[in-house]
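Residue strings, one per chain:
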Amino acid sequence: MSNYHIKHLEEYYQVYRKSVRNPEIFWEEIAEEHFMWRKKWDNVLSWDFTKPEVKWFEGAQLNITENCIDRHLHIRGDKTAIIFEPNNPEEEAQHISYRDLHDKVCRFANVLKEQGIQKGDRVCIYLPMIPELAISVLACARIGAIHSVVFAGFSSSALATRINDATCKMVITSDGSYRGAKTIDLKGIVDEALKECECVETVLVAKRINTDIHMETGRDHWLQPLLDEAYHDCVPEVMDAEDPLFILYTSGSTGKPKGMVHSTAGYMVYSAYTFKNVFQYREQDVYWCTADIGWITGHSYIVYGPLCNGATTVMFEGVPSYPDFGRFWEIVEKHKVNQFYTAPTAIRALAKEGVEHLEKHDLSSLKVLGTVGEPINEEAWHWYDDNVGKRKAPIVDTWWQTETGGIMITPIPYATPTKPTYATLPFIGIQPALMDENGNEIKGNQVDGRLCIKFPWPSMARTIWGNHQRYKDTYFSAYENKYFTGDGALRDEVGYYRITGRVDDVIIVSGHNLGTAPIEDAINEHPAVAESAIVGFPHDIKGNALYGYVTLKETGESRNQNNLRKEINQIITEQIGPIAKLDKIQFTNGLPKTRSGKIMRRILRKIAGKDTSNLGDTSTLLNPEVVQDIMDNAL
Ligand code: 7RM
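Residues numbered from 1 in each chain as written. Predicted model: local features only at pLDDT ≥ 70, side-chain atom pairs only at ≥ 80, totals over all residues. Heavy atoms only, no water.

### Considerations on the nonpolar core
Counting 125 residues, the largest nonpolar core has Trp37, Phe57, Leu101, Leu112, Tyr273, Phe279 and Tyr304 as the members making the most contacts within it. Excluding anything up to four places from it in sequence, leucine 112 contacts Ile117, Ala139, Cys140, Ile143, Met170, Ile172 and Leu204. (Core = buried A, V, L, I, M, F, W, Y, C linked by side-chain atoms within 4.5 Å. Buried < 20%, exposed > 50% of the residue type's maximum accessible area, 1.4 Å probe, protein only. Contact = heavy atoms within 4.5 Å.)

See the structure below:
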């Protein structure tokens with residue numbers, strides 16, 4: 001039996017029991033046998049959820065890029081590490097071997113050093129899905145700089161907030177990006193953001209679309225000439241196990257985005273171990289995750305997890321609909337993809353286009369299909385199973401979060417029998433708990449509650465950058481001695497988990513987490529707006545879409561409502577990004593509020609979802625008359 005590679009259900013149960021009964025012995029063995037350490041740990045785990053403080057492999061020293069690259073060189077130096085598939089199918093794919101990757105990461109790391117970046121400095125990476133993105137992430141890790149990747153769909157103002165929060169010294173970007181038939185002026189967005197960022201000293205610019213762009217003298221440098229000049233080897237910085245590896249921002253239900261901080265050793269061990277098992281990766285396989293590296297899924301399951309296992313990982317620059325809806329299947333056929341990992345929203349969008357695109361391609365290489373990001377509905381699950389996997393490739397519905405660093409609840413393919421819409425069983429070492437309203441754990445099966453985790457796992461985020469108190473308040477205060485996920489879940493008669501969705505004011509739209517508060521703040525900046533409330537409502541493709549209730553100031557002038565709607569979405573696009581635009585905007589005379597002034601979102605959610613047969617208890621409403629009015633004018 002191998003604890004590192006689980007292949008059967010009995011093995012899963014055995015290893016699971018071991019990992020829970022004796023977590024320290026279990027994780028020590030995994031860490032010892034499958035990774036490269038400069039120095040071993042003094043202590044496997046110390047933890048205290050009341051502070052909260054968690055340390056894994058304390059005293060150990062390592063560099064994660066040595067694990068992701070160097071250690072593979074003598075056994076698989078010529079093996080392809082990254083397949084880059086460009087936006088335009090006419091452009092040739094690139095195959096970057098482990099040896100090439102070593103060269104590229106080392107050169108980039110040397111450029112960072114020459115530009116004054118040192119261990120512990122924060123570097124913001126704002127790049128499209130081109131090889132420079134993965135390479136710059138690894139180059140930071142090589143020298144111990146903390147990367148903060150910002151998804152290149154975020155607006156200049158969202159980018160500025162994130163750069164300032166982490167006081168980044170450098171931004172790495174490109175002249176522009178391709179997205180389907182469109183090009184986007186990324187450098188222009190960076191220039192706009194940097195008007196508000198005093199901390200940034202240097203901007204490195206990769207060439208992608210070859211447009212003529214502004215280069216600020218003294219601040220901006222083209223990347224390629226610096227890489228050409230740089231030395232091709234770079235001694236990895238020796239890092240402590242608990243040194244921060246990266247910051248990644250995620251939306252909260254209130255306030256500014258939270259910079260989740262991940263540490264080095266625990267993150268490495270858990271992302272690699274989950275990758276191996278959840279995707280049943282074998283040496284010759286080609287693995288493809290369609291996420292963007294700007295999200296945690298890309299960090300853990302395009303870059304770190306796969307490379308740590310010496311895998312071949314595909315990086316796709318484009319979108320599922322360009323040049324047509326057959327693009328994903330064309331790529332699967334072209335690169336003979338064995339494991340394919342995507343989001344339910346993409347599956348629904350593709351299902352809507354019918355099966356004719358699928359039928360044109362040979363998908364027989366597929367062995368495992370994955371989903372992540374939001375609950376998958378039954379229909380999408382079956383479409384995926386029947387048409388993509390032809391009922392031969394198990395679907396792993398993987399539940400996890402930016403905060404958890406790695407997959408937490410998931411089937412192990414070919415071991416765990418799958419069940420549509422169920423993420424099924426906790427991964428090795430994960431101890432979930434369902435909690436009731438009174439803070440008690442609900443034991444037994446066929447129950448539902450709020451999902452918590454009651455024991456630390458190696459890749460949990462260690463803090464929120466610059467705000468440990470908020471980390472404690474958000475995740476460790478709702479339930480004593482437990483990590484609270486913000487999700488609701490049910491456990492069926494055999495102990496399988498089904499995630500039912502967020503129980504807070506985070507709305508997941510097309511797999512992207514959006515907090516209602518920042519969107520409302522953006523809308524309220526419109527001079528005609530008095531106040532607003534955002535809720536989610538069910539949407540065929542996006543899962544949820546946003547419905548905004550907006551009360552206007554009494555300015556006396558009557559404005560064209562459609563123009564106002566456009567202006568409101570324009571402000572949202574500028575402040576957050578197009579992903580946060582509202583599908584529906586209803587102008588209201590007021591918002592339903594409790595006596596303490598809290599907006600009753602429950603009611604607004606029901607109206608938006610056209611589910612008004614029972615609005616629940618409305619006795620605490622201060623202004624019940626607005627409810628009827630809102631219902632009468634609902635969109
Ligand atoms: C990996 C990622 C986290 C939130 C999480 C859930 C939802 C993610 C699933 C899911 C149902 C799933 N990180 N979520 N995976 N819900 N089934 N398989 O998505 O930080 O961006 O989002 O996403 O609500 O709390 S994330």
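### As for the packing of helix α17 (residues 516–524) against helix α18 (residues 561–575)
The interhelical angle for the contact between α17 and α18, taken along N-to-C directions, is 125°, at an axis separation of 9 Å. Between α17 and α18, the angle falls in the class oblique. As α17 packs across α18, the resulting crossing turns out to be right-handed. Of the residues in α18, those touching α17 at Ile519, Ala522 and Ile523 are Ile568, Ile571, Ile572 and Gln575. Its residues assigned to classes, the contact of α17 with α18 comprises six nonpolar, one polar and no charged. (Axes fitted to C-alpha atoms, helices over the stretch in contact; angles between N-to-C directions. Helix = DSSP H or I, 4+ residues; strand = E, 2+ residues; numbered from the N terminus. Parallel < 35°, antiparallel > 145°, perpendicular 65-115°, else oblique. Left-handed = near helix turned anticlockwise from the far one by under 90°. Nonpolar A, V, L, I, M, F, W, Y, C, P; charged D, E, K, R; others polar.)

### Some thoughts on the packing of aromatic side chains
Summed over the entire model, instances satisfying the criterion amount to 46 aromatic pairs. Plain terms: the ring middles of tyrosine 270 and phenylalanine 427 are 5.9 Å apart, the flat faces sit at 90° to each other, and that makes the pair edge-to-face. With tyrosine 270 in helix α10 (residues 264–278) and phenylalanine 427 in the loop between β20 (395–398) and β21 (432–435), the pair connects residues that are 157 residues apart, well separated along the chain. Residue classification places tyrosine 270 among the buried residues on the basis of a relative accessible area of 0%. For phenylalanine 427, a relative accessible area of 0% gives the class buried. Pairing phenylalanine 316 with phenylalanine 328 gives two aromatic rings, centres 6.2 Å apart and planes at 75°, and the pair type is edge-to-face. In this pair, phenylalanine 316 is assigned in strand β17 (residues 312–316) and phenylalanine 328 in helix α12 (residues 327–335), connecting sequence segments twelve residues apart. An aromatic cluster is present here, built from Tyr4, Phe26, Trp27, Trp37, Trp41, Trp56, Phe57, Tyr270, Tyr273 and Phe427 joined pairwise through their rings. (Phe/Tyr/Trp six-rings, centres within 6.5 Å; stacked < 30°, edge-to-face > 60°.)

### Thoughts on the layout of surface pockets
Each pocket or cavity is described by its volume, and for the second largest pocket that value is around 310 Å³. Along its surface, the second largest pocket is lined by 17 residues, and Lys104, Glu132, Ile135, Gln224 and Leu227 are the ones closest to its centre. Broken down by secondary-structure element, the contributors of at least two residues to the lining of the second largest pocket are β5 (94–97), α5 (98–114), α6 (131–143) and α9 (223–229). Of the residues forming the lining of the second largest pocket, the biggest block, four residues, is contributed by α5. Here the residues of the lining of the second largest pocket are counted per class, giving seven nonpolar, two polar and eight charged. (1 Å grid on protein atoms, 1.4 Å probe; cavity = no way out; pocket = protein on both sides within 12 Å on 5 of 7 lines; lining within 4 Å. Points joined across faces, edges and corners; volume = space filled by probe spheres on them.)

### Structural notes on the environment of lysine 610
Checked against the element boundaries, lysine 610 lands in the loop between α19 (601–608) and α20 (625–632). As a C-alpha pair, lysine 610 and tryptophan 383 span 227 residues in sequence and 27 Å in three-dimensional space. Excluding residues within four positions of it along the chain, lysine 610 makes contact with Lys584 and Leu635.

### Points about the side chain of threonine 551
Within the secondary structure, threonine 551 is located in strand β30 (residues 543–552). Among the polar contacts listed, one links the side chain of threonine 551 to the side chain of threonine 588, at a separation of 2.9 Å. In this structure, threonine 551 is in contact with Val529, Ala530, Glu531, Thr588, Asn589, Gly590 and Leu591, ignoring residues within four places of it in sequence. (Polar contact = N/O pair within 3.5 Å; in protein donor to acceptor, adjacent residues only side chain to side chain.)

### Notes on the pattern of salt bridges
A complete count under the given rule lists 36 salt bridges for this structure. For lysine 40, the salt bridge goes to glutamate 32, with nearest N and O atoms at 3.1 Å. By relative accessible area, which is 38% here, lysine 40 ends up partly exposed. Owing to a relative accessible area of 39%, glutamate 32 belongs among the partly exposed residues under this scheme. We note a salt bridge from arginine 391 to aspartate 386, for which the minimum N-O separation is 2.7 Å. Exposure remark for arginine 391: the relative accessible area of 63% places this residue in the exposed category. Connected through shared salt-bridge partners, Lys187, Asp191, Arg219 and Asp220 make up one network. (Salt bridge = Lys/Arg side-chain N within 4 Å of Asp/Glu carboxyl O.)

### A look at the UniProt feature "domain: Acetyl-coenzyme A synthetase N-terminal" (unreviewed entry) in the chain
The residues that UniProt annotates with the feature "domain: Acetyl-coenzyme A synthetase N-terminal" (unreviewed entry) are residues 12–68. Between the C-alpha atoms that bound residues 12–68 there is a distance of 26 Å. The span itself is 47% helix and 25% strand. (UniProt positions renumbered as here; feature names shortened; annotations may be inferred.)

### Description of helix α16 (residues 468–475)
The set of residues buried in α16 consists of Arg470, Tyr471 and Tyr475. Projection of α16 onto a plane perpendicular to its axis shows the buried side chains occupying an angular sector of 105°, all on one side. The secondary structure elements touched by the buried residues of α16 are β15 (258–263), β24 (463–464) and β25 (483–491). (Arc of directions from axis to C-beta.)

### Remarks on the side chain of lysine 79
The topology assignment puts lysine 79 in the loop between α4 (73–76) and β4 (80–85). What makes lysine 79 buried here is its relative accessible area of 15%. Within the structure, lysine 79 has its side chain in polar contact with the side chain of tyrosine 281 (distance 3.3 Å). A distance of 2.7 Å separates a polar atom in the side chain of lysine 79 from the backbone oxygen of glycine 310. If we ignore the near neighbours within four places in the chain, the residues touching lysine 79 are Ile96, Ser97, Tyr98, Tyr281, Glu283, Gly310, Ala311 and Thr312.

### A few points about the sheet that holds strand β23 (residues 447–453)
In spatial order, the strands read β22-β21-β23-β25-β26; together these five strands make up an open sheet with antiparallel pairing. Of all strands in the sheet, those bounded by a partner on one side alone are β22 (441–442) and β26 (497–502). In this sheet, β25 lies alongside β23 in antiparallel orientation, the contact comprising six bridges. Opposite aspartate 448, over in β25, you have leucine 490 as the bridge partner. (Pairing = 2+ DSSP bridges.)

### What about the sheet that holds β24?
Spatial strand order, β12-β11-β8-β6-β7-β14-β15-β24: eight strands in an open sheet with mixed pairing. Whereas interior strands pair on both sides, the edge strands pair on one side only; in this sheet they are β12 (220–222) and β24. Across three bridges, strand β6 (residues 122–125) lies against strand β8 (residues 170–174) in parallel orientation. Among the inter-strand pairings, valine 123 is bridged to a residue of β8, identified as methionine 170. Taken strand by strand, helix α11 (residues 296–308) contacts β7 (146–149), β14 (244–250) and β15, and its axis lies near 140° from that of β14.

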